Amino acid sequence: MKRGAAQLSSASRERAAWKEINRKGATILQSRSLARLKSIVHGFSTRNGGASKLGGERVLNLGFTDWDARATVEANRKVFLASLGAAEMDLTTLHQIHSDVIHLIEKSPHGALRGDALITCRPGILLGVQTADCVPILLADTRRRAVAAIHAGWRGTLARIAAKTLGRMHMEFGTRPADVIAAIGPAIHRCSYEVGPEVAQVFAGQFPLAREWFDVPRELSSGMQDGEIVAGDGPNPLKWLLMTPPGHDPPPPSVQLDLVAANRWQLVDAGVREANISASELCTACRTDLLFSHRREQGRTGRMMAVIGIRP
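Just so we're clear, the structure is a prediction, and the values are computed from it rather than from any experiment.

Engineer: Looking at this structure, how should I read the pattern of salt bridges?
Structural biologist: Should their charged atoms come close, side chains of opposite charge can pair. Within the structure shown, the criterion is met by 11 salt bridges. Here Lys164 makes a salt bridge to Asp100, at a shortest N to O gap of 2.6 Å. With a gap of 64 residues between them, Lys164 in helix α5 (residues 161-173) and Asp100 in the loop between β7 (94-95) and β8 (102-104) connect regions that are remote in the sequence. On the basis of relative accessible area, Lys164 is assigned to the partly exposed category, the value being 37%. Judged by its relative accessible area of 31%, Asp100 falls in the partly exposed class. Between Arg168 and Glu172 there is a salt bridge whose closest N-O contact spans 3.0 Å. Remark: Glu172 and Arg168 occur in helix α5; sequence separation between them is 4 residues, near one turn of the helix. By sharing partners, the salt bridges in this structure join Arg47, Glu57 and Glu297 into a single network.

Engineer: Please clarify how helix α8 (residues 259-269) should be interpreted in this entry.
Structural biologist: Burial runs high along α8: 8 of the 11 residues are buried. Of the residues making up α8, those classed as buried are Leu259, Val260, Ala262, Asn263, Arg264, Trp265, Gln266 and Leu267. Phi turns positive one or two residues past the end of α8, at Gly271, with a value near 115 degrees.

Engineer: Got a minute to help me understand the sheet that holds strand β11 (residues 125-131) in this structure?
Structural biologist: Each strand in a sheet pairs with its neighbour through backbone hydrogen bonds, running either in the same direction (parallel) or in the opposite one (antiparallel). Here 6 strands make up an open sheet; going across it, the order is β1-β2-β3-β19-β11-β6 and the pairing mixed. Of all the strands in the sheet, the pair left with one neighbour each is β1 (18-23) and β6 (90-92). Mean inter-strand twist for the sheet, computed between neighbouring axes without regard to direction, equals 30 degrees. Sheet analysis places β1 next to strand β2 (residues 26-31), joined by 6 bridges and oriented antiparallel.

Engineer: Where do I start with the sheet that holds strand β15 (residues 194-195) in this structure?
Structural biologist: With antiparallel pairing, 3 strands are arranged side by side in an open sheet as β15-β17-β16. For this open sheet the edge positions go to β15 and β16 (214-215), each flanked by a neighbour on one side alone. Relative to strand β17 (residues 255-257), β15 runs antiparallel, the two being bridged by 2 bridges. Directly across from Glu194, in β17, lies its bridge partner Gln256.

Engineer: Would you explain the pairing of strand β14 (residues 180-184) in this entry?
Structural biologist: Taken residue by residue, a regular strand's side chains alternate between the two faces of the sheet. For β14, the tally of buried residues reaches 5 of 5 residues, placing the bulk of the element in the interior. By the alternation rule, side chains of β14 split into Val180, Ala182 and Ile184 and Ile181 and Ala183, which are all buried. Note that strand β12 (residues 135-141) and β14 share 5 bridges and pair antiparallel. Each residue of the ladder has a partner; that of Leu139, found in β14, is Ala182.

Engineer: Please explain the nonpolar core as it appears in this structure.
Structural biologist: One recurring pattern in soluble globular proteins: nonpolar side chains tend to sit buried together. With 42 residues, the main nonpolar core has Ile137, Leu139, Trp213, Phe214, Leu257 and Leu267 as its most contacted residues. Within the second largest apolar cluster, 32 residues are counted, among which are Ile105, Leu113, Met304 and Ile308.

Engineer: What is the right way to read unusual backbone geometry from this model?
Structural biologist: Glycine aside, the phi torsion of most residues is negative, and most peptide linkages are trans. You will see that Lys24, though not glycine, has its phi angle at about 60 degrees, which is positive. Within the secondary structure, Lys24 is located in the loop between β1 and β2. A relative accessible area of 59% means that Lys24 is categorised as exposed. Phi at Gln298 takes a positive value of approximately 55 degrees, unusual for a residue other than glycine.

Engineer: Can you walk me through α5 in this structure?
Structural biologist: Structural remark: α-helix, 3.6 residues per turn; residues separated by three or four positions point the same way. Taking 1.5 Å per residue, 13 residues should reach 18 Å; α5 reaches 18 Å between its end C-alpha atoms and fits that length. Taken together, the buried positions of α5 are occupied by Ile161, Ala162, Thr165, Leu166, Met169 and Phe173. Viewed along the axis of α5, the buried residues span an arc of 145 degrees, placing them on a single side of the element. Positive backbone phi, approximately 80 degrees, marks Gly174, located one or two places after α5.

Engineer: Whenever I open this one, the packing of aromatic side chains confuses me. Can you help?
Structural biologist: What describes a pair of aromatic rings is the distance from one ring centre to the other and the angle between the planes of the rings. One pass over the structure, following the stated rule, counts 6 aromatic pairs. Ring geometry for Phe203 against Phe207: centres 5.7 Å apart, planes inclined by 35 degrees, an arrangement best described as tilted. Using a relative accessible area of 3% as the deciding quantity, one classes Phe207 as buried. Summarising the aromatic geometry, the rings of Phe207 and Trp265 are spaced 5.8 Å apart at their centres and angled 80 degrees between planes, so their arrangement reads as edge-to-face. Of the two residues, Phe207 is situated in the loop between α6 (197-204) and β16 and Trp265 in helix α8; the sequence distance between them amounts to 58 residues. Exposure class is identical for Phe207 and Trp265. Each is buried. Here the aromatic residues Phe203, Phe207, Trp213, Phe214 and Trp265 are joined through ring pairs into a cluster of three or more. Over the ring of Phe64 we find Arg70; its NZ or CZ atom is 4.0 Å from the centre of that ring.

Engineer: Before we go on, may I ask you to explain the pairing of strand β13 (residues 146-152) in this structure?
Structural biologist: Within β13, 7 of the 7 residues are buried, leaving the element largely enclosed by the surrounding structure. Burial along β13 is two-sided: Ala146, Ala148, Ile150 and Ala152 and Val147, Ala149 and His151, pointing in opposite directions, are all buried. Pairing analysis gives 4 bridges linking strand β10 (residues 117-120) to β13, with the strands arranged antiparallel. Opposite Leu118, over in β13, you have Ala149 as the bridge partner. Looking at chain direction, β12 and β13 are connected through 7 bridges and run antiparallel. Of the residues in β13, the one forming a bridge with Asp141 is Ala146. Connecting β12 to the antiparallel partner β13 that follows it, the hairpin turn spans 4 residues, and Arg145 within it adopts a positive phi of roughly 55 degrees.

How each quantity is defined
- Residues numbered from 1 in each chain as written.
- Predicted model: local features only at pLDDT ≥ 70, side-chain atom pairs only at ≥ 80, totals over all residues.
- Heavy atoms only, no water.
- Salt bridge = Lys/Arg side-chain N within 4 Å of Asp/Glu carboxyl O.
- Helix = DSSP H or I, 4+ residues; strand = E, 2+ residues; numbered from the N terminus.
- Buried < 20%, exposed > 50% of the residue type's maximum accessible area, 1.4 Å probe, protein only.
- Pairing = 2+ DSSP bridges.
- Axes fitted to C-alpha atoms, helices over the stretch in contact; angles between N-to-C directions.
- Core = buried A, V, L, I, M, F, W, Y, C linked by side-chain atoms within 4.5 Å.
- Expected span 1.5 Å × (residues − 1).
- Arc of directions from axis to C-beta.
- Phe/Tyr/Trp six-rings, centres within 6.5 Å; stacked < 30°, edge-to-face > 60°.
- Lys NZ or Arg CZ within 6 Å of the ring centre and 35° of its normal.

Structure below.
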């Protein structure tokens, strides 16, 4: 099968693995694999269906941003939870810091927790992470009845937060990765996520398959050795490929990073069956009609939420 046909087939499978629900005025995305687990409630919000006003549009902003009223966000959260049939569950969220900090939740915490992943085995607790480009990941242990919600930006991905969350679930609950169902929600995709060469270099130092997660400009790739992501060790490798006079260096080149692929690899490498992982094909930066994108909307945007919990 040709590469283009293989990519098309993969995209078709990913679309089939997800469903869209319109309920209580909100549009919600769900993984069919997680939806089949009757003891689990989960969902990924979109921008549709809320009371917040952003640029003349009414949106479902679920984050306490500086442009939105707290009461409006709280009302939006009630709509979102009601659309999932989770209005009576206790929502726990985080003050996210792009880290590898993971919290075990056994009861509703007092005050905001700082970190980027939550795990629990307690029924009635709903774990939530907020995103507007970063990767939301939901995990469910089908044998031990434990769940996790993960926020993975590039720093969290570099720190292996997805793999570390699985490790913490094993430590706390006896979770085996082979028993885990994983859903990777809408995030910024490779097509729209440019990062500097220094990011590519640190990924190359951490992951053996990092080269596969980056698209490299042609002018860089022509000067690279096999396995390299960027040529040279300096902050601007491109200058060694172009004859420019001193003081006239070109700006550092950008490369495009596939955060979804990086996190999928981490899950598989940790032992999750590839067939048990579904990833949304929706790119936040490409679909601002449906999703929030911090990068595409230049910071003035809302926050989506990915939640998972065990039904009481």
